[in-house]
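Architecture and fold: a report
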Number of protein chains: 2
Amino acid sequence: MRIGIDIESGERPFQELIRGVFKSIQNNSDIQYIIIGNSKKIKNSFPEIENFKNIEIIHADEIIYMHEKPVYAIHKKKNCTVNIGIKLIKKNLIDVFFSPGNTGATVVSSVLNLGMIDGIKKPAMGTFFPRIGGGETLIIDIGVNPEAKVENLYHNAILGIIYYNLIWEKSNPSVGLLNMGGEFEKGSLLLKKAFTVMSNIPNFIGNVEGYNVFNGSVDIVVCDGFTGNSILKIAEAMKKFFIDTLKNVFSDNKTKSKIRNMMSYSFSLFGFYNEKKKVLTDKILPKYFGAAPVLGIKGLVMVGHGACTAIELINAIEFSKILFKKNYIDEMKNNAKKLLKKD
Amino acid sequence: MRIGIDIESGERPFQELIRGVFKSIQNNSDIQYIIIGNSKKIKNSFPEIENFKNIEIIHADEIIYMHEKPVYAIHKKKNCTVNIGIKLIKKNLIDVFFSPGNTGATVVSSVLNLGMIDGIKKPAMGTFFPRIGGGETLIIDIGVNPEAKVENLYHNAILGIIYYNLIWEKSNPSVGLLNMGGEFEKGSLLLKKAFTVMSNIPNFIGNVEGYNVFNGSVDIVVCDGFTGNSILKIAEAMKKFFIDTLKNVFSDNKTKSKIRNMMSYSFSLFGFYNEKKKVLTDKILPKYFGAAPVLGIKGLVMVGHGACTAIELINAIEFSKILFKKNYIDEMKNNAKKLLKKD
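The next thing to look at is the overall build of chain A. When you go through chain A residue by residue, the secondary structure sums to 13 helices and 11 strands. Looking at the 343 residues of chain A, the share that counts as buried comes to 47%. Contacts in chain A between residues at least 24 apart in sequence constitute 70% of all its contacts with a sequence separation of at least 6.

Next up, the structure:
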């Protein structure tokens, strides 16, 4: 696999991601790393980099910053890391491109330079939520297309099915449309139309709500990018709130003295608490692979967190390897054709 | 205060709410309770009810069920509990009406029979989310008006300001517009327009996201009813998920045996856990007063949970008392006029 890595667009200094590459390379002699960024700066900071025969540096003059407007920036900054990376995919010089930068810009450049998979009109991204009984629920779209039309919601479902099956090997995952509860009329005209169109999907279970996300009653929850983004951000904020509250509840002075009291016995209660806290924190974290692909475009483009760390980059590379080995692009193309034809 | 109580539209048997009334009456000799439901059934189950001089029963033949379409049901079932209750407000025979039934139907009947406050076009409802550092964040609207226009979002802000001030006595609460992160273009044309219109609000802090809800950086988060409803339901489902996960983490067999081990010491660890769990659960529950008013209409109409219990009804009555004593309707009318004129 040849992976292009935009090391400059993230929120951390570029050294962080180069360190990630150096770590990743130790277990991946078969990967070719194409680092995209300011070559002079890179070589100055890491003179040893030229000794690695499976690292190549491609120079980029420009970066798109987080606050920039995607369409404008992509056209103005022709030689930015993102445009260069995406064009390397187009020329078949790399297999995967990873960027921790401006998601909108990465999406726009992908659509312009690589184009959409046949039959799919707009790209989408998804994220996996955890469940009470284990397993994962995919929410799609989480922000690429905030004003989705009926057709886009339907395509989100199709992309979600293919992606879910590729990762979790479940060939007929169930699909639900995020809507409001029975006590109000069931959503807008657009959602009613989307419901009708999505009824063609074999495993469509109808309208779903918040509780379905966590109880395992549906595999894929389809929504517009604005709603998905709002849900994702509330969930992330609530997770933080929950962990902070947990910490406060278990660390007030009265509790501390009780714990000290107990500590005088042979059993290490602090260790017990810390172990439990770790298990708990792991369990409520949404499954995150360091990056997520932009679904629907003709190429494997991975978007990472803005504050991507070396560890997250390593995870993103491992996740890219899995998708690449599973023939991500062919699977997306062929299955989209199959599923769209069926209806 | 004279309060009309729809005892039939909830998901529990009507006896539950009558029991709530009997409890509430013990501390509220100054409240007149007007129970709306099937008078024969009520008197059969509670023959003693006729001895209470501050309980009156108003007979209603019909109920609107949760699954019914609000507009259709309100017109078809003229003599349902909800229509009767709302009309009692209109005739000034009661001060407050409470229903645990179909929210959409209650809203539709309120708008038709009571009308809107001058200057406000659509009703809205809000809910309070907890914060890490204490205090409350109001999310408005949570589902009354799923397809809000620019004007409706602006009015949600106005209603939110008056309501927040009335409850928390903060005269200039801050207002934010729920929008997407900086890495995408900032939302739809509608949201851009709403942003401009809302800039007239003195304490408008601009676009906000999920994390603002929990960190105390904003008092009122304005959104359309579809997004608000999705957020609320995800938050409720996630709360359940957290608590279940917490329970599982602390109750696996290894932990149980450790706890048993510790129990042999004089300190009651089970008691300690249970106490902590209670504190934690209380802290992550959104502040809920048993019911919430339908904001923007000319009357104090309180909507409760479908599965409203006797305790929740008691809370709803206490909350209604507070709003009534604070001259809810006059405050809403006068402040709406003042705030709308200012802009």
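More follows now that the structure is in view.
Take the domain arrangement of chain A next. Residues and elements named next belong to chain A. For chain A, the assigned domains read domain 1 (2-120 + 296-327 + 334-340) and domain 2 (126-228). On a C-alpha basis, the centroid separation for the pair domain 1 and domain 2 is 28 Å. Each side of the interface is counted separately: domain 1 has eight residues, and domain 2 has seven residues. For the side of domain 1 that touches domain 2, the leading source of residues is helix H13 (residues 328-342), giving four residues. Counted by class, the side of domain 1 that touches domain 2 contains five nonpolar, two polar and one charged residues.

Turning our eyes to something else, we now look at the environment of Ile314 of chain A. All names here are of chain A. Note that Ile314 resides in helix H12 (residues 310-325). Sequence separation between Ile314 and His67 is 247 residues; the distance between their C-alpha atoms is 26 Å. With near-sequence residues (within four places) excluded, Ile314 lies in contact with Gly20, Lys23 and Ser24.

Put simply, Ile140 of chain A and Asp141 of chain A share a cis peptide bond, and its omega is 15 degrees. By the element assignment, Asp141 of chain A lies in the loop between strand E6 (136-140) and helix H6 (150-168). The phi torsion at Asn327 of chain A lies on the positive side, around 55 degrees, for a residue other than glycine. Structurally, Asn327 of chain A is set in the loop between H12 and H13. In this structure, Asn92 of chain B is a non-glycine residue whose phi angle is positive, near 55 degrees.

Next up on the list: the pairing of strand E2 (residues 32-37) of chain B. All names here are of chain B. By the criterion of burial, E2 is predominantly enclosed, with five of the six residues buried. As judged from the five bridges shared by strand E1 (residues 2-6) and E2, these two strands associate in the parallel manner. Along E2, the bridge assignment pairs Ile3 with Tyr33. Regarding topology, helix H1 (residues 14-26) serves as the crossover connection from E1 to the parallel E2, and that connection is right-handed. In this structure, E2 lies alongside strand E3 (residues 55-59), joined through five bridges in parallel fashion. Residue pairing in the sheet places Ile36 in a bridge with Ile58 of E3. Read from E2 through helix H2 (residues 39-45) to E3, the crossover connection turns out right-handed.

Moving on, we get to helix H5 (residues 103-114) of chain B. Residues and elements named next belong to chain B. Between its terminal C-alpha atoms H5 stretches 16 Å, which fits the 16 Å expected from 12 residues at 1.5 Å a residue. Taken across its 12 residues, H5 has 10 buried, putting it largely inside the fold. Looking at H5, one finds that the buried residues are Thr103, Gly104, Ala105, Thr106, Val107, Val108, Ser109, Ser110, Asn113 and Leu114. Once H5 ends, the next one or two residues include Gly115, with phi positive near 80 degrees.

This paragraph deals with the sheet that holds strand E9 (residues 220-222) of chain B. Adjacent strands of a sheet pair through backbone hydrogen bonds, lying either parallel or antiparallel. Residues and elements named next belong to chain B. Strands sit in the order E5-E6-E9-E7-E8 across an open sheet of five strands; the sheet is mixed. Of all strands in the sheet, those bounded by a partner on one side alone are strand E5 (126-130) and strand E8 (204-208). Taking each pair of neighbouring strands and ignoring which way they run, the sheet shows an average axis angle of 25 degrees. The pairing of E5 with strand E6 (residues 136-140) spans five bridges and is classified as antiparallel. Bridge pairing links Thr127 to Ile139 in E6. Packing of helix H6 (residues 150-168) onto the sheet brings it into contact with E5, E6, strand E7 (175-178) and E9, and relative to E9 it is tilted by some 160 degrees. Against the sheet, helix H7 (residues 189-198) contacts E7 and E8, and its axis sits at roughly 170 degrees relative to E7.

On to helix H1 (residues 14-26) of chain A. Along H1 of chain A, the residues that are buried comprise Phe14, Leu17, Ile18, Gly20, Val21 and Ser24 of chain A. What you see down the axis of H1 of chain A is that its buried residues fit within an arc of 150 degrees, all on one side.

With that settled, consider the packing of H6 of chain A against helix H7 (residues 189-198) of chain A. Residue and element names in this part refer to chain A. Between H6 and H7, whose axes approach to 9 Å, the crossing angle comes to 45 degrees. The orientation of H6 with respect to H7, classified from their angle, is oblique. H7 is crossed by H6, and the crossing has right-handed handedness. Counting all contacts with H6, which are made through Val150, Leu153, Tyr154 and Ala157, the residues of H7 involved are Leu190, Lys193, Ala194, Val197 and Met198. Within the contact of H6 with H7, the residues separate by chemical class into eight nonpolar, no polar and one charged.

What follows covers the sheet that holds strand E2 (residues 32-37) of chain A. All names here are of chain A. Across the sheet, six strands lie side by side as E3-E2-E1-E4-E11-E10; this open sheet has mixed pairing. Edge strands, defined here as strands with exactly one partner in the open sheet, are strand E3 (55-59) and strand E10 (291-293). With strand direction ignored, the average angle separating the axes of adjacent strands in the sheet is 25 degrees. On the sheet, H1 packs against strand E1 (2-6), E2 and E3 and is oriented at approximately 175 degrees with respect to E2. The sheet strands contacting helix H4 (residues 81-90) are E1, E2, E3, strand E4 (96-99) and strand E11 (300-304), and the helix crosses E4 at an angle near 165 degrees.

Looking now at the pairing of E6 of chain A. Residue and element names in this part refer to chain A. Counting buried residues in E6 gives four out of five residues, a clear majority hidden from the surface. Between strand E5 (residues 126-130) and E6, which follow one another and run antiparallel, lie five residues, and Gly134 among them has a positive phi close to 90 degrees. As judged from the three bridges shared by E6 and strand E9 (residues 220-222), these two strands associate in the parallel manner. Opposite Ile139, over in E9, you have Val221 as the bridge partner.

Thresholds applied
Residues numbered from 1 in each chain as written. Chains lettered and ligands numbered in written order. Predicted model: local features only at pLDDT ≥ 70, side-chain atom pairs only at ≥ 80, totals over all residues. Helix = DSSP H or I, 4+ residues; strand = E, 2+ residues; numbered from the N terminus. Buried ≥ 20, exposed ≤ 12 C-beta atoms within 10 Å, placed from the backbone. Contact = placed C-beta atoms within 7 Å. Domains from an automatic or database assignment. Nonpolar A, V, L, I, M, F, W, Y, C, P; charged D, E, K, R; others polar. Pairing = 2+ DSSP bridges. Right-handed = clockwise from strand over helix to strand, strands pointing away. Expected span 1.5 Å × (residues − 1). Axes fitted to C-alpha atoms, helices over the stretch in contact; angles between N-to-C directions. Arc of directions from axis to C-beta. Parallel < 35°, antiparallel > 145°, perpendicular 65-115°, else oblique. Left-handed = near helix turned anticlockwise from the far one by under 90°.

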